[in-house]
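Coordinate analysis (summary)
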Amino acid sequence: MVKIGSGAFVYDALATWEQLPAGMTLHETPGVAVDAEDRVYLLTRNTKNPLIVLDRDGRFLRTFGEGTFTARTHAVTIAPDGSVFCVDDGAHTVTKWSPEGALLMTIGTPGQSSPRFSGLPFNRPTDVAISRRDGSLYVSDGYGNARVHKYTPDGKLVCSWGEPGIDPGHFMVPHNIGIDAQDRIYVADREAHRVQVFDTDGKALAVWNNIHRPCALTVGPDGNVYVGELNAVGLMEGAPNQGHRVSVLSPEGRLLARFGDAKEGEAPGHFIAPHGIAVDSHGDVYVGEVSFTIRGGRMDPPRELKSLKKLRRLA
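Presented here is an overview of the structure given in this document. (Residues numbered from 1 in each chain as written. Predicted model: local features only at pLDDT ≥ 70, side-chain atom pairs only at ≥ 80, totals over all residues. Heavy atoms only, no water.)

**With respect to the overall build of the chain**
Counted only if it meets this: Put simply, DSSP H or I for four residues or longer makes a helix, DSSP E for two residues or longer makes a strand, and each gets a number counted from the N terminus. Within these notes, the globule rule equals 2.2 Å times the number of residues to the 0.38 power, and the radius of gyration is based on C-alpha atoms. Relative accessibility decides the category of a residue: with a 1.4 Å probe and only protein chains considered, values under 20% of the type maximum give buried, values over 50% give exposed, and everything between is partly exposed. It only takes one pair of heavy atoms within 4.5 Å for two residues to be counted as in contact. Residue exposure ignores everything except the shown protein chains as possible cover, and the areas themselves are Shrake-Rupley values with a 1.4 Å probe.
When helices and strands are counted, the chain shows one helix and 25 strands. Its C-alpha atoms give the chain a radius of gyration of 18 Å, within 12% of the compact-globule value 20 Å for 315 residues. Along the three orthogonal principal directions, the C-alpha set of the chain runs to about 50 × 40 × 40 Å. Split into buried and exposed, the 315 residues of the chain put 57% on the buried side. Considering only residue pairs separated by 6 or more positions, the chain has 45% of its internal contacts joining residues 24 or more positions apart. If you sum the accessible surface of the chain, you get close to 12400 Å²; carbon and sulfur atoms cover 50% of it.

Written as structure tokens, this is what we have:
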């Protein structure tokens, strides 16, 4: 057993968990989500098996979505009604699926982006969050915009907010988005090293700093905010304690726990590039990583690295 975490957040970092059919690989796992029955949905960058569904013990259930997604899948979210929402920044779309894999709705025109930094949806969107109160959709947009868009449940645009910058309400890569039971909206403002909190009309309520390149974000069943922090780039690349870790924050932004080895890696308790995160009803944490994009694709020869970690809650 490899124990990580502290205080009320202690986990067994499993060496292996997913049980895929022979020959099936993840390539890498930019998104992960869990439904009300603790089934785990993996959004991969394997275009033959873009969505893979496993049970809580890692047993394979099904796969779907081939032919719909680009190699730039980005995030997956389970709506309160069990439907599955996927964001593909390469296609500039948000898609809605049944749990069995029927395509129900597409927001955006596949392959067609809005002008870069125009504020119009979408230019490389990154994530979607769904209100438990009224089903409204909130889309972070993304790599080629600095906006959050609010939609009705049937995909009609209501309003948008945000622009490039570092002031409250501005964004430097709004990378992931979550929503709590009170409809507070949490945006991982990645390149500003912060999480911003908004109401449903885009009013800034709080700014949480000192979070290294927040890349993955979800509100857990306990109401706490779980954030995956990405590794450093540029002059700090390879430095210890610069990302490749998970932080747990209270709804008020107080740091409750932080775990992950100071050095990146594939071993239990280490991370390379956290990019998606989910928490099930038992408090277990699932971390999807873009480890091929960050490391494996730069190796000679390139190779697939471990891109999915399960942390089993012990305390």
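**Overview of the sheet that holds strand β6 (residues 60–64)**
For clarity, the threshold we go by: Pairing between strands requires that DSSP locate at least two bridges from one strand to the other. All axes here are fitted lines through C-alpha atoms, helices being fitted over the stretch that makes contact, and every angle between N-to-C directions spans 0 to 180 degrees.
Read from one edge to the other, the open sheet built from four strands follows the order β3-β4-β5-β6, with strand pairing classed as antiparallel. Both outer strands of the open sheet, β3 (31–34) and β6, are each paired with one neighbouring strand and no more. Here the average twist between neighbouring strands, direction ignored, is 20°. Across four bridges, strand β4 (residues 40–43) lies against strand β5 (residues 51–54) in antiparallel orientation. Within β5, the residue paired with Y41 across the bridge is V53.

**Re the sheet that holds strand β22 (residues 255–259)**
The four strands are arranged β19-β20-β21-β22 in an open sheet whose pairing can be described as antiparallel. Looking along the sheet, the strands with just one partner apiece sit at the ends: β19 (214–219) and β22. The sheet shows a mean angle of 20° between the axes of neighbouring strands, direction not considered. In this sheet, β22 lies alongside strand β21 (residues 245–249) in antiparallel orientation, the contact comprising four bridges. From the neighbouring strand, V248 faces β22, where its bridge partner is A257.

**Thoughts on the packing of aromatic side chains**
Test applied: For Phe, Tyr and Trp, where Trp contributes only its six-membered ring, two rings pair if their centres lie within 6.5 Å, and the inter-plane angle classes them as stacked under 30 degrees, edge-to-face over 60, or tilted in between.
Evaluated as defined, the whole model comprises ten aromatic pairs. Seen from their ring centres, Y11 and F259 are 5.0 Å apart, and the 50° between their planes marks the pair as tilted. In this pair, Y11 is assigned in strand β2 (residues 9–13) and F259 in strand β22, connecting sequence segments 248 residues apart. One aromatic cluster is present, built from ring pairs that chain together Y138, W161, F171 and F198.

**Description of the environment of V290**
Among the secondary structure elements, V290 is positioned in the loop between β24 (285–289) and α1 (291–294). Taking the relative accessible area as the measure of exposure, V290 reaches 5% and is therefore buried. Remark: the alpha-carbon pair of V290 and G276, spanning 14 residues in sequence, is separated by 8.7 Å. Look past the residues within four positions of V290 in its chain and what remains in contact with it is E28, P30, R45, A273 and H275.

**Notes on the nonpolar core**
Proteins that are soluble and globular tend to have nonpolar side chains buried together. Note the cut-off: Working definition of a nonpolar core: buried Ala, Val, Leu, Ile, Met, Phe, Trp, Tyr and Cys residues. They are joined through side-chain atoms within 4.5 Å.
In terms of nonpolar packing, the biggest core is built from 16 residues, with Y11, Y226, F259, I277, V285 and L311 touching the most fellow members. For this core, the elements supplying multiple residues, two or more each, are β2, β21, β22, β23 (274–279) and β24. Looking at this core, the element that brings in the most residues is β2, giving three residues.

**Here we look at unusual backbone geometry**
Backbone torsion omega between P121 and F122 reads -20°, so that peptide bond is classified as cis. Inspection of the secondary structure assignment puts F122 in the loop between β10 (103–107) and β11 (125–130). Here the amide bond leading from D300 into P301 is cis, since omega sits at 0°, within 30 degrees of zero. As for its placement among the helices and strands, P301 is situated in the loop between α1 and β25 (308–313). A positive phi angle, close to 60°, is found at R124, a residue other than glycine. Along the polypeptide, R124 turns up in the loop between β10 and β11.

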